[in-house]
Amino acid sequence: MKTIDNYNFNGKKAIVRVDFNVPLDKATFQVTDDTRIRGALPTIKKIIGDGGAAILMSHLGRPNGKPQDKFSLKHVVPTIEKDLGLKIKFAPDCVGDEAKKLAAELKPGEVLLLENLRFYEEEEGKPYSLGENATDEEKKAAKAKVKESQKEFVNKLASLADCYVNDAFGTAHRAHASTALIAAHFPGNSMFGYLIESELKAMDKVLKAADKPFTAIMGGAKVSDKILIIENLLEKVNNLIIGGGMTYTFIKAQGGSIGKSICEEDKLDLAKEILTKAKAKGVNVYLPVDAINADAFDANANTNISKVNETPDGWMGLDIGPETVKLFSDVIAKSKTILWNGPMGVFEMEKFAHGTSAIAKAIADATAKGAYSLVGGGDSVAAVNKNKLADKISYVSTGGGAMLEYMEGKELPGIKAIRE
Ligand code: AMP
């Protein structure tokens with residue numbers, strides 16, 4: 001792995017793709033969760049500790065190629081300074097004369113943050129400025145034009161530095177200017193930062209060197225979002241636990257009554273196929289046996305408990321029930337490797353959060369007894385944090401989409417660009 005560990009940044013300027021796409025308070029623009037900033041600190045500290053200078057670049061939100069104050073990375077500067085314990089410089093445009101001047105003047109030990117990369121449509125290579133009524137012909141031409149000006153954009157970014165570090169795991173699945181294209185400008189001098197390195201190690205441990213029994217726990221709203229990862233995992237796991245809203249597509253496929261629970265009618269055959277495939281591969285599939293039902297999708301809804309395949313008419317299952325918590329927890333307790341993605345219920349509402357919290361606790365308990373656990377995806381990570389269990393999980397991944405794609409067996413463009 002091309003990591004920064006054996007690289008000496010002394011006297012060098014490193015342009016570092018970080019993931020500072022942090023949540024901001026809508027009124028005050030203050031950072032409400034600085035996890036991603038803290039995740040990048042070891043890499044930044046290594047660079048400046050060696051006597052190098054760091055030029056940080058990131059996106060924030062979806063400005064779709066248009067500069068807008070609410071998406072400015074200037075809002076993030078005070079939090080970076082507090083976390084890093086160092087004053088930093090800010091370039092109000094990621095390319096152009098001022099960025100060039102600030103980068104040129106940067107001294108060893110200093111840090112410069114560039115303005116939001118996505119203020120340029122060249123970052124994503126998408127022709128956002130195109131009107132909705134454009135013809136296919138116009139779309140094609142506009143796309144070709146952005147791809148062309150993208151080269152110029154990458155040149156400008158690359159010209160600011162001597163080497164490139166990618167530490168933005170959260171966007172590693174995107175083939176953007178700053179995540180994939182720029183690496184080619186630094187042959188022999190592009191590498192992964194510590195965050196990406198640790199993410200890759202954690203995922204590879206699970207995918208390539210899992211101690212058995214290996215249990216994957218998949219939750220969330222839809223089967224369609226998780227189908228590729230489930231298919232890839234069927235090759236590797238001993239146990240597959242399914243929870244959350246996608247439960248009901250499986251239950252209906254097996255002839256159960258699901259009331260008005262969420263269900264993807266067009267995925268019933270797919271659900272059956274997954275179950276057949278799992279059986280053929282000797283994977284034990286655990287579906288919920290009971291559920292907490294609600295009479296409305298509402299935090300104050302009336303609730304009852306039923307067998308998962310006997311949801312009363314007019315009710316919907318919004319969390320796994322107590323029998324299921326026990327069943328899943330027992331499987332988890334006997335596992336040596338555990339992968340978890342997606343909540344077991346509508347955990348955003350207190351009444352339906354218990355199942356998700358209980359699974360987080362079961363994973364933490366198994367980890368304390370020696371299992372290796374990897375938790376990823378925004379909702380599962382939020383549940384782990386809410387239950388103050390982050391330090392009791394072996395690895396908590398920062399990249400939702402990137403982790404899913406890696407687990408699906410795909411090669412991520414941001415990883416590939418550096419590996420090559
Ligand atoms: P995903 O983004 O696919 O991981 O799905 C996460 C979302 O699934 C969360 O917002 C949950 O509220 C939702 N969810 C989990 N269980 C259910 C359920 N039984 N019914 C409806 N939505 C659910």
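Residues numbered from 1 in each chain as written. Predicted model: local features only at pLDDT ≥ 70, side-chain atom pairs only at ≥ 80, totals over all residues. Heavy atoms only, no water.

### Describing the sheet that holds strand β6 (residues 190-192)
Using the following cut-off: Here, any two strands with at least 2 DSSP bridges between them count as paired. Runs of E in the DSSP output that reach at least two residues are strands. Runs of H or I that reach at least four are helices, and both are numbered from the N terminus. Note on definitions: angles span 0 to 180 degrees between N-to-C directions of axes, and those axes are lines fitted to C-alpha atoms, for helices only across the stretch in contact.
Strand order in this open sheet of 6 strands is β3-β4-β2-β1-β5-β6, and the pairing throughout is parallel. The sheet terminates laterally at β3 (89-91) and β6, the two strands that pair on one side only. Taking each pair of neighbouring strands and ignoring which way they run, the sheet shows an average axis angle of 25°. For strand β2 (residues 53-57) and strand β4 (residues 111-114), the ladder comprises 3 bridges, and the chain directions are parallel. Bridge pairing links Ile55 to Leu112 in β4.

### As for the packing of helix α1 (residues 35-49) against helix α2 (residues 77-84)
Going by this rule: Every angle not falling under 35 degrees, over 145, or within 65 to 115 is termed oblique; those three ranges are roughly parallel, roughly antiparallel and roughly perpendicular. For any helix crossing, the convention is left-handed if the near helix is rotated counterclockwise from the far helix by under a right angle, and right-handed if that rotation is clockwise. Two residues qualify as a contact provided that any one of their heavy atoms is within 4.5 Å of a heavy atom in the partner residue. Think of it as three bins: nonpolar holds Ala, Val, Leu, Ile, Met, Phe, Trp, Tyr, Cys and Pro, charged holds Asp, Glu, Lys and Arg, and polar takes everything else, Gly as well.
At a minimum axis distance of 10 Å, the contact between α1 and α2 shows a crossing angle of 60°. The pairing of α1 with α2 is recorded here as oblique in orientation. The element α1 and its partner α2 pack so that their crossing is right-handed. Facing Ile37, Arg38, Leu41, Ile44 and Lys45 of α1, the residues of α2 in contact are Thr79, Ile80, Asp83 and Leu84. Residue composition of the contact of α1 with α2, grouped by class: 5 nonpolar, 1 polar and 3 charged.

### Things to note about the nonpolar core
Our working definition: Buried Ala, Val, Leu, Ile, Met, Phe, Trp, Tyr and Cys residues that are joined via side-chain atoms within 4.5 Å together make up what is termed a nonpolar core. Classification of residues uses two cut-offs on accessible area relative to the type maximum, computed with a 1.4 Å probe and protein chains only: under 20% is buried, over 50% is exposed, and between them is partly exposed. Residue ranges for the domains originate in an automatic or database domain assignment.
Among the nonpolar cores identified, the biggest contains 71 residues, and Ile15 and Leu114 are the most heavily contacted of them. Top contributing element to this core by residue count: helix α6 (residues 194-208), with 7 residues. Residues lining this core come from more than one domain, with at least three contributed by each of domain 1 (4-195) and domain 2 (202-407). With sequence-adjacent residues up to four places away left out, Leu114 is seen in contact with Ile15, Ile55, Leu56, Met57, Leu73, Phe90, Ala91, Cys94, Ala99, Leu157 and Leu160. In this structure, Phe9, Ala14, Leu41 and Ile80 belong to the second largest nonpolar core, which totals 29 residues.

### Notes on the domain arrangement of the protein chain
Bring the parts together and some accessible area is lost; that lost area is often taken as the interface size. To be explicit about the condition: In this description, buried area is defined as the sum, over both parts, of the accessible area (probe of 1.4 Å) that is lost when the two are combined.
Considered domain by domain, the protein chain is made up of domain 1 (4-195) and domain 2 (202-407). Here the C-alpha centroids of domain 1 and domain 2 sit 35 Å apart. Contact residues are listed per partner, giving 6 residues for domain 1 and 9 residues for domain 2. For the pair domain 1 and domain 2, the summed buried surface comes to about 620 Å²; carbon and sulfur atoms form 64% of the total. A per-residue breakdown of the area domain 1 buries against domain 2 is headed by Phe169, His173 and Leu195, which together make up 74% of the total.

### Remarks on the site of the ligand
Applied cut-off: Residue proximity to a molecule or strand is established when one non-hydrogen atom of the residue lies within 4 Å of it. A 3.5 Å cut-off defines polar contacts: any pair of N or O atoms within that distance qualifies, except that in protein one atom must be a possible hydrogen donor and the other a possible acceptor, and neighbouring residues in sequence count only when both atoms are side-chain atoms. Note on areas: Shrake-Rupley with a 1.4 Å probe; residue coverage comes only from the protein chains shown.
Residues in close proximity to the ligand total 14 residues, the closest being Ala221, Gly245, Gly317, Glu348 and Asp379. Between Gly317 and the ligand, the recorded distance is 3.0 Å, taken from a backbone N or O atom to a nitrogen atom. Between Glu348 and the ligand, the recorded distance is 2.4 Å, taken from a side-chain N or O atom to an oxygen atom. Bound to the protein, the ligand loses 80% of the 500 Å² it would expose on its own. Elements with a contribution of two residues or more to the shell around the ligand: α7 (223-233) and β14 (316-320). Of the residues that constitute the shell around the ligand, the class distribution is 5 nonpolar, 5 polar and 4 charged.

### Examining the sheet that holds strand β7 (residues 214-218)
Reading across from one edge, β10-β8-β7-β15-β16-β17 is the order of the 6 strands in this open sheet, with parallel pairing throughout. Each edge of the open sheet carries a strand with a single partner, namely β10 (284-286) and β17 (395-396). Where strand β15 (residues 337-341) lies against strand β16 (residues 372-376), 5 bridges are found, and the strand directions are parallel. Within β16, the position partnered with Leu339 by the bridge is Leu374. Helix-sheet contacts for helix α11 (residues 354-368) involve β7, β15 and β16, and the interaxial angle to β15 is about 155°.

### Here's the deal with unusual backbone geometry
Pro213 follows Lys212 through a cis peptide bond whose omega is -5°. When you line up the elements, Pro213 lands in the loop between α6 and β7. For Phe29, which is not a glycine, the phi torsion comes out positive at approximately 60°. The topology assignment puts Phe29 in the loop between β1 (13-17) and α1. Classification of Phe29 by relative accessible area gives partly exposed; the value is 25%. Backbone geometry places Lys388, a non-glycine residue, at a positive phi of 50°. Mapping Lys388 onto the fold places it in the loop between α12 (378-386) and β17. Among the residues examined, Lys388 registers a relative accessible area of 68% and is labelled exposed.

### Quick look at the pattern of salt bridges
Side chains that differ in charge, positive against negative, can pair when their charged atoms come close. The condition that has to hold: Think of a salt bridge as a Lys or Arg side-chain nitrogen and an Asp or Glu carboxyl oxygen that are within 4 Å of each other.
Under the counting rule described, the total for this entry stands at 22 salt bridges. A salt bridge links Asp69 to Lys74, with the shortest nitrogen-to-oxygen separation between them at 2.5 Å. Lys74 sits in the partly exposed class, given a relative accessible area of 38%. One salt bridge in this structure joins Asp266 and Lys267, with 3.2 Å as the shortest N-O distance. When salt bridges that share partners are traced, they join Arg118, Glu124 and Lys126 into one network.

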